[in-house]
Amino acid sequence: MPVVVVESPAKAKTINKYLGDDYTVLASYGHVRDLPPKDGSVDPEHDFEMTWEIGNDSRKHVKAIADALKDDNALILATDPDREGEAISWHLEEALRKRRAIRKDTPVSRVVFNAITKSAVTEAMKNPRQVDQPLVDAYLARRALDYLVGFNLSPVLWRKLPGARSAGRVQSVCLRLIVEREMEIEVFRAQEYWSVTAELVTPRGQSFEARLTTLAGKKLDKFDIANETAAEMAVQAITSRDLHVSSVEAKPASRNPSAPFMTSTLQQEASRKFGMGARQTMNAAQRLYEAGLITYMRTDGIDMAPEAVTAARDAITARYGAEYGPGSPRIYKNKAKNAQEAHECIRPTDMTRDAASLKLSEADQRKLYDLIWKRTLASQMEAARMERTTVDIASRDGQVGLRATGQVVLFDGFLRVYEEGRDDVVIDDEDDGKRLPAIMEGEKADKRAVTPEQHFTQPPPRYTEATLVKRMEELGIGRPSTYASIVTTIQDRGYVRKEKNRLFPEDKGRLVIAFLMNYFRQYVGYDFTAGLEEELDHVSAGEADYKQVLASFWRDFSAAIAETSELRITDVLEKINEVLEPHLFPLTADGGDPRACPNCQGGRLSMRTARSGGAFIGCSNYPECRYTRPFGPPGTEESGIGPDGKLLGHDGEDKITLRDGRYGPYVQRGDATEEAPKPPRASLPRTWPAEEMDLEKALMLLNLPREIGAHPEDGEMIEAAIGRFGPYVKHGKVYANLPDVNEVFTVGMNRAVELLAQKAARGGRGAAAKPLRELGEHPEEGGPVNVMEGRYGPYVKWQKINATLPKETDPLAVTLAEAVELIAQKAATKGGKKKKPAAKAPAKKTATRKTATKKASGK
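Here the structure is a predicted model, which means the values were calculated and not measured.

Enquirer: Describe the overall build of the protein chain, listing the residues and the values that go with them.
Expert: A tally of helices and strands in the protein chain yields 22 helices and 32 strands. Scaling as 2.2 N^0.38, a compact globule of 859 residues should have a C-alpha radius of gyration of about 29 Å, whereas the protein chain reaches 36 Å, well beyond that. Projected onto its principal axes, the C-alpha positions of the protein chain cover 115 × 85 × 75 Å. Per-residue burial for the protein chain yields a buried fraction of 47% across its 859 residues. Taking all contacts inside the protein chain whose residues are at least 6 apart in sequence as the whole, residues at least 24 apart take part in 66%. Within the structure as shown, the protein chain displays about 45,200 Å² of accessible surface, and the carbon and sulfur contribution to it stands at 48%. Of the side chains in the protein chain, 125 bear a positive and 125 a negative charge, and the two mean positions are spaced by 6 Å.

Here it is, written out as structure tokens:
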């Protein structure tokens, strides 16, 4: 009975249904071997020899496969149909041969299927092959390159740039894209411009809008109306003239559907429509694939199998009618540079099943399947047909011209099912989608209103994960199997943060790129990285030797590493100051020195690194001058918080600072020292903006908890404070929430006592629960016996013993004698439980349990 190995238990479960009892299907749980994270795992001195290690978690999985091969002398490697899948198969075969689990007569074969369906799996089993060595070589080359860059470049960063964590072959190039986009935004200066719109009326009383396009007989460009004065003059020019319709033109137009999904476009669309990150999208897609619902999700291909095209066309006709299917199938051709990545597009395995019919429980899977199903069907549907109308309105003297545009959908075609989302696109003609009334050439157009509108140019938008993947794809950086991990890594390392789905570079990220651009410019070059990807594609196609690619790369890279050995940190920081000077210290309007310290006038500003790894701008006269501002161009200090905090003032000898921490802004008294490593701190309430913090507010927070006074009943102190779950008042073990954080500083005794009493009456935290019935004193031991209402039903309580009432017993009718009997039974049980752990299970039982597990695993 052959042993079939796949990556995951979910995939194994699905395949097992199709193969039946004639096969043993086991999971490898991903990669079983990797390069150990230490020096020497890749040895350039010995022909790039690589040392592999089986992970601790993987040993039991490899053992389970080896054990199964003792009884079933045939191995079928059925991992994913891409480079990573091929590598897992190769690693498994190598690891099993080293264990001698594969004998000389053990047949080993490799099968691949693009979808986990019965037909695809059965067909794959009929066409086994051997492991694709060129594809494995491409994997080995990538893994070696990533290791050589990471383990040689990262230590340089640690030594020369405090706070930097690591650098990677592709992640650094990806980070460069984000940093450069942020710098474009920071130097961007908005330009003002105006537009003028008129609301016009036809002779039949129907209104429509038209935009001014011609003024003083000249066609207007975007910035021709530069200010309010020019806009008012344009309005006057329109209002002082009679207008007529000079031309009406209606043109047919059509719109074709988008191609089916490949990895990058799926990630982009899931981000646009659902705000899903790249990793989140791929995790949901992986589960859909393993359940046999979609084809393989890591692909550069957009073509569809002929039988899938036929199935899609049949589903379209059945659901929407024959008119929605084009006369001939739509053919989409792959543009992938690497044929090894160009599997079939991402599509449903059964075109007739929509998301509703599958009843998927996980929201991500449900949304993603619906997206894939709709996109696939739409890609084989008829084009949408529209009529676009352009109406020109002019004055008799030709000095003023306006234009109105509209669009009517004559046949919705694929739009009935699906419309692709948009990224940050500025639509020049926002009126295109509007419907115009009946307008005749030559007729008069009366003016109802003429409105000028101010606009400003917008900076380039920050990347989302989707637009970043799109840009990487355009530049030829990364591949479908690596997009998600690259985007995730730069966030995990703290180089980039995501806010409202947008990617912002952190100080560490900016510094790393400034360092790499100055000392390792070639290795963060877009063309160099894309060129290296192409070389690796040649390796996977069997057209290049991977060791020659490694040797060529290592020769120049090792020389660049050696050149940095003599660098001093001060030299590196000064060089980064020089590189970032146009960004950090732009020329001032008055022509003065942009690096002159505004505080002491005598010092010079420069970039400095904090112990936390962040960066800030400080004065060269430190410690005499303590001026700092956040890392970035001047002007960011108004709302920013520097790495060493923003000084709010002093309380006695203690300085009070506002700081930015892992969980948000907080205020701190004094500095951390060896004697006091954790100085007093207080987080800012969510409703208190950091930019509005001052010394008075900071001291209010640092002086919490606030003592309100002694409770009138027992004299114990009542306090007000802000806790993990918000503002509260406290008396002993009773806590009562306050509705507003500001009430912590104003709440008085009467209000506090009232809130605490209400909380105690409700049985809040720390308050004694109220009994349903008080049965009296225990007849033998003393102490009250009560009937209580519990989470799982009523029970009787005496001291620390709780005994559940039988279901048939009415809690309001139970007697003291019955309660005492139940308590005695419970006490006896509790005593028995205390003794039980002393009796250990015999050794034989343990062995039996292990054997049972082993059998289940083998089976």
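Enquirer: How would you explain helix α13 (residues 465–475) if you had to name every residue and give the values?
Expert: Buried within α13 we find Glu465, Ala466, Thr467, Leu468, Val469, Met472 and Leu475. Immediately downstream of α13, the backbone of Gly476 shows phi near 80°, a positive value.

Enquirer: Break down the environment of Lys218 for me, with residues and values.
Expert: Here Lys218 lies in strand β11 (residues 218–219). Residues Lys218 and Gly401, 183 residues apart in the sequence, show an inter-C-alpha distance of 9.1 Å. For Lys218, the contacting residues outside a window of four places in its chain are Thr213 and Asp224.

Enquirer: Can you tell me about helix α20 (residues 749–761), naming the residues and giving the values?
Expert: Between its first and last C-alpha atoms α20 spans 18 Å; for 13 residues at 1.5 Å apiece the expected length is 18 Å, and the two agree. Buried residues of α20: Ala752, Leu755, Leu756 and Lys759, and no others. For α20, the buried positions fall inside an angular range of 95° around the axis, keeping them on one side. Across α20 from its buried face, at more than 90 degrees, point the exposed residues Asn750 and Ala761.

Enquirer: Go over the sheet that holds strand β28 (residues 734–737), please, and point to the residues and values.
Expert: If you trace the four strands from one edge of the open sheet to the other, you get β25-β26-β27-β28, paired in antiparallel fashion. A single partner strand is all that each edge strand has here, and the edge strands are β25 (706–710) and β28. Here the average twist between neighbouring strands, direction ignored, is 25°. Contacting β25, β26 (717–723), β27 (726–731) and β28, α20 runs over the sheet at an angle of about 110° to β28.

Enquirer: Talk me through the environment of Gly632; I want residue IDs and the actual numbers.
Expert: Among the secondary structure elements, Gly632 is positioned in the loop between β20 (628–630) and β21 (646–651). For the pair Gly632 and Phe616, spaced 16 residues apart in sequence, the C-alpha to C-alpha distance is 7.9 Å.

Scoring rules and cut-offs
Residues numbered from 1 in each chain as written. Predicted model: local features only at pLDDT ≥ 70, side-chain atom pairs only at ≥ 80, totals over all residues. Heavy atoms only, no water. Helix = DSSP H or I, 4+ residues; strand = E, 2+ residues; numbered from the N terminus. Rg over C-alpha atoms; globule rule 2.2 N^0.38 Å. Buried < 20%, exposed > 50% of the residue type's maximum accessible area, 1.4 Å probe, protein only. Contact = heavy atoms within 4.5 Å. Areas by Shrake-Rupley, 256 points an atom, 1.4 Å probe, with all protein chains shown as cover. Lys, Arg positive; Asp, Glu negative; His and termini not counted. Charge placed at Lys NZ, Arg CZ, Asp CG, Glu CD. Expected span 1.5 Å × (residues − 1). Arc of directions from axis to C-beta. Pairing = 2+ DSSP bridges. Axes fitted to C-alpha atoms, helices over the stretch in contact; angles between N-to-C directions.

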